[in-house]
Amino acid sequence: MRLPEALTLGEGVTPCVELPTLAQTMKVGRLTAKLEWCNPTGSHKDRMSARLIARALSCHVPLVVAASSGNGGLSIAAYSAHAGLPTEIAITTALAPSYRRAMAAHGARLVEAPDSLARWEHLARRVAEGAFAATNYRLPAIGTDPFGIEGYKTLAAELAGSERPDVVIVPSSRGDLLSGLRLGFEEIGGGMPRLIAVEPFPRLARVMAGEDYRSRFDGSTAQVSIAGETVTFQALAALRATGGRAVPVDDAAASRALAALAACGLHAELSAAAALAAVEEMARDGCLAGRHVTLVLTGSGLRDPGVHNPAPWPHTDERSDAAAPPAMPGFLPPRTETSVQQRDNG
């Protein structure tokens, strides 16, 4: 599908910076960081949203709906506003005020659900009424509409167009970015980097060890952008196809990595900083010596509600007097039966 020119907000072609000091410290051949927070709304999600909203326009839908913990919802709200499409974002009470304000500024209607899975129930009702789902809403989870995942192939093209890395470290929840990178590198040819999924507690790691990917994986984390108790087959397939693995990184390790990146001038969100902690874990056995490793720093720390390490991060008790727009309560139907989401989105 050709992306209509009117939809782009200038996403893509983000900087890739060298991190020689960290590479030397961690005994990595070469370490680079792809700064995806340089996309228009501050995260990698813009690559996906441009394609998703183009698809929604082509389907002549009356409404775009999404479930989000922050970056995705903000991106979808911005691109939908640019396309002139009404948007509804299902959230939980945990969503940071900064995201609420930003989504509302783009005209998105916020619907508050009691928990993450209840957001999907709300989306299922909206899809049955004719809305276009810009995020997953099915159980077992299957990820985002394939048209959105197409957008992540552009990141693979950018990484392949310079000096292709041997290993790409990807903060991951349901594997949309992992899948898009895998598909992109496969289409480009010339060698497949090893994809590494970073997660805040063992989910994919347990699946790679033999557990059913359709299970629920309990855990709590401040890494809100990659939180959640579900995984997808597309994430598992991407790791298997590239000889990859999943590396769990707890909040303490992610906070230390956040401070290390900040010392290099990079202020990442906690979920993105976890990628550096994964490199540190993998490098212990020397497997990254002589290798070119790229961190995909998916989002900026400027809006991050995650826990920062208080030692290297001075802070004050100042609080903003601006109140976040209130969320609108939603009425949630019974859980829907498992089926294929892509079928509903055409």
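Analysis parameters
- Residues numbered from 1 in each chain as written.
- Predicted model: local features only at pLDDT ≥ 70, side-chain atom pairs only at ≥ 80, totals over all residues.
- Heavy atoms only, no water.
- Buried < 20%, exposed > 50% of the residue type's maximum accessible area, 1.4 Å probe, protein only.
- Helix = DSSP H or I, 4+ residues; strand = E, 2+ residues; numbered from the N terminus.
- Arc of directions from axis to C-beta.
- Pairing = 2+ DSSP bridges.
- Axes fitted to C-alpha atoms, helices over the stretch in contact; angles between N-to-C directions.
- Contact = heavy atoms within 4.5 Å.
- 1 Å grid on protein atoms, 1.4 Å probe; cavity = no way out; pocket = protein on both sides within 12 Å on 5 of 7 lines; lining within 4 Å.
- Points joined across faces, edges and corners; volume = space filled by probe spheres on them.
- Nonpolar A, V, L, I, M, F, W, Y, C, P; charged D, E, K, R; others polar.

A. Looking closely at helix α4 (residues 97-105). For α4, every residue scored as buried is listed here: Tyr99, Arg100 and Met103. Angular distribution of buried residues about the axis of α4 spans 100 degrees; they occupy a single face of the element. Following α4 by one or two positions, Gly107 adopts a phi angle in the positive range, close to 90 degrees.

B. Summary view of the pairing of strand β8 (residues 194-199). Burial within β8 is extensive, with five of its six residues counted as buried. Where strand β7 (residues 167-171) and β8 come together, five bridges link them in parallel fashion. Bridging from a neighbouring strand, Ile169 pairs with Ile196 of β8. Note: β8 against strand β9 (residues 245-248), four bridges, orientation parallel. Within β9, the position partnered with Ala197 by the bridge is Ala246.

C. Fine view of the sheet that holds β9. If you walk across this open sheet you meet the six strands as β1-β2-β10-β7-β8-β9, and the pairing is mixed. Across the chains shown, the open sheet's two edge strands, defined by having one partner strand only, are β1 (16-18) and β9. Neighbour-to-neighbour, the strand axes of the sheet open up by a mean angle of 25 degrees, direction not taken into account. Sheet contacts for helix α8 (residues 176-188): β7, β8 and β10 (292-297); angle to β8, the most-contacted strand, approximately 175 degrees. In this fold helix α10 (residues 233-242) packs onto β8 and β9, with an angle of close to 140 degrees to the strand it touches most, β8.

D. Quick peek at the layout of surface pockets. Volume-wise, the largest pocket comes out at about 990 Å³. If you go around the largest pocket, you meet 50 residues; those closest to its centre are Ser69, Ser173, Arg174, Val224 and Ala227. Here the element with the most residues in the lining of the largest pocket is helix α5 (residues 116-128); it accounts for four residues. The class makeup of the residues in the lining of the largest pocket is 18 nonpolar, 24 polar and eight charged.

Nothing here speaks to function; it is all geometry.
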